[in-house]
Amino acid sequence: MSPPLSIAITCFSTFGGSGMVATGIGLGMAERGHRVHFIAREPPARLDSLPRGVTFHEVTESDYPALQRSGTYPIALASKMIEVANTERLDVLHVHYAVPHATAAWMAREVLGERAPRIVTTLHGTDTTLVGVHPSYLPMTRFSILRSDAVTTPSAFLRDATWSGFGLPESFPIEVIANFVDTERYAPARERAHLRALFPDLGEHEPVLIHVSNFRPVKRITDVVAVFAEVHRQLPCRLVMVGDGPERAPAERMLRELGLAHRVAFPGKQDRFMEVLAASDVFLLPSEQESFGLAALEALSCGVPVVASDVGGIPEVVRHGDTGLLAPLGDVRAMAGHVLGLLRDAARWKEFSIRARADVVERFRMKPAIDRYEALYRRLVSGA
Ligand code: GMT
């Protein structure tokens, strides 16, 4: 049997799906007997306890006044990576989101020399499509990607966008390892009591739409509201908006103006919302861009069909006409039509729901994804 590896994982702990994926990989590796070290500013949100074999290393910055707003985090992070690599004899350093994590990893490797671990960079989305290609970061991000020992993306869309955005040849290896979901945690369960906690007067057959995100502009939260308003005009329903962020206030204002605020629940940031998700009828994701769409995957895993915009990596996750329905970006009427088409035909909804769950179980289970990352780590460590 191969010896256990010493693996460090760096991610944004509280920002979006990349931290969740990174945490899932770390926990999956620890379950297999590897030693896992999370190196980050804060413990990852989904790391509610520290299981056997998992350690958290906090990155702290000096509060020296001259350094304020000078962006010293990558230096502090690289220093912590060096410290952990030295004390824990790291085999692999797996960084999630290139800016600034891949650059910090490269800096640490320069210092560590021969003792350096292998560096794996997983790109997640805006680190390629927006931030990384911004002129302020492009040269260093491109260089850090090129200097990684392996690069992965969760979708073929993001692989191709990385090749083109950074001007890399298609021969530059980028392995697509799709994101995954814990299909036991995110499982079908049509228990409407969880919805009644949010809507005490919910009718027995009244449909519930749901959206889960960090409410950033890229999610087009006002499109969620517009789709809901159009559906509600034709078929009274409710909307649950899980999460929080800058677009929440405009959405609430829009709902008040439409006279629909009382039909919508905003439970805020929730870590345990799967019961509400599983009891809902349609998941809405009208995003401007998604390299993958982890929230949509969690909905599909619960057997909840997804109506989303046809952008980025979403079609790789949501099979149009099979597990969900896609529409052109910003076409809220088409999206509302898709939602109504599902809600008005119970048999059709059921078929979508069954196929959604089956497709997730077939293509996005956690174990095969962890197998792929483990094989990648072993390959790099063995020098093959
Ligand atoms: O890139 C971002 O904007 C944030 C990032 C995150 O940390 O959640 O989201 C990206 O990574 C997720 C996990 O791989 C994907 O599910 C999201 O689709 C992706 N977001 C974008 O591409 C906008």
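The rules behind the values
Residues numbered from 1 in each chain as written. Predicted model: local features only at pLDDT ≥ 70, side-chain atom pairs only at ≥ 80, totals over all residues. Near = placed C-beta within 6 Å. Helix = DSSP H or I, 4+ residues; strand = E, 2+ residues; numbered from the N terminus. Nonpolar A, V, L, I, M, F, W, Y, C, P; charged D, E, K, R; others polar. Domains from an automatic or database assignment. Expected span 1.5 Å × (residues − 1). Buried ≥ 20, exposed ≤ 12 C-beta atoms within 10 Å, placed from the backbone. Contact = placed C-beta atoms within 7 Å. Pairing = 2+ DSSP bridges. Axes fitted to C-alpha atoms, helices over the stretch in contact; angles between N-to-C directions.

The chain goes by N-acetyl-alpha-D-glucosaminyl L-malate synthase BshA in an unreviewed UniProt entry.

Enquirer: So what exactly am I meant to see when it comes to the site of the ligand here?
Expert: As a structural note, the neighbourhood of the ligand is formed by 18 residues, with G16, G17, S18, G125 and T126 the closest of them. For the shell around the ligand, the elements supplying multiple residues, two or more each, are α1 (16–31) and α4 (126–129). Per element, the largest residue contribution to the shell around the ligand is 4 residues, and it comes from α1. The residue inventory of the shell around the ligand, partitioned by class, reads 6 nonpolar, 10 polar and 2 charged. The residues that make up the shell around the ligand include at least three from each of domain 1 (6–180 + 365–382) and domain 2 (193–363).

Enquirer: Quick question: what am I supposed to make of helix α2 (residues 73–88) here?
Expert: At 3.6 residues per turn, the α-helix brings residues three or four places apart onto the same side. Across its 16 residues, α2 extends 22 Å between first and last C-alpha, which sits within 8% of the 22 Å expected from 1.5 Å per residue. Within α2, the full set of buried residues consists of P74, L77, A78, K80, M81, I82, V84 and A85. Contacts from the buried residues of α2 go to β1 (6–10), β2 (35–40), β3 (54–58), β4 (92–96) and α3 (98–112). Of the residues one or two after α2, R89 is the one with positive phi, at around 45 degrees.

Enquirer: Please clarify how the sheet that holds strand β5 (residues 118–122) should be interpreted in this entry.
Expert: Within a sheet, neighbouring strands are paired by backbone hydrogen bonds and run either parallel or antiparallel to one another. In space, the 7 strands of this open sheet follow the order β3-β2-β1-β4-β5-β6-β7, with parallel pairing throughout. Edge positions in the open sheet fall to β3 and β7 (175–176), since each of these has one partner strand only. Pairing of β2 with β3, which is carried by 5 bridges, proceeds in the parallel orientation. Considered in β3, the bridge of H37 is made with T55. Running over the sheet, α3 touches β1, β4 and β5 and is turned about 155 degrees from β4.

Enquirer: Explanation requested: the sheet that holds strand β13 (residues 324–327) in the structure shown.
Expert: The strand order across the open sheet formed by 6 strands is β10-β9-β8-β11-β12-β13, and the pairing between neighbours is parallel. With one partner strand each, in any of the chains shown, β10 (264–268) and β13 form the two edges of the open sheet. Ignoring which end each strand starts from, the neighbouring axes of this sheet average 20 degrees apart.

Enquirer: Even after reading the chapter, I still don't get the environment of P4, so can you show me in this structure?
Expert: Within the secondary structure, P4 is located in the segment before β1. According to the C-beta neighbour criterion, P4 is partly exposed, with 15 such atoms within 10 Å. Along the chain, P4 and L297 lie 293 residues apart, while their C-alpha atoms are 31 Å from each other. In this view, P4 contacts G33, H34 and R35; residues no more than four positions away in its chain are not counted.

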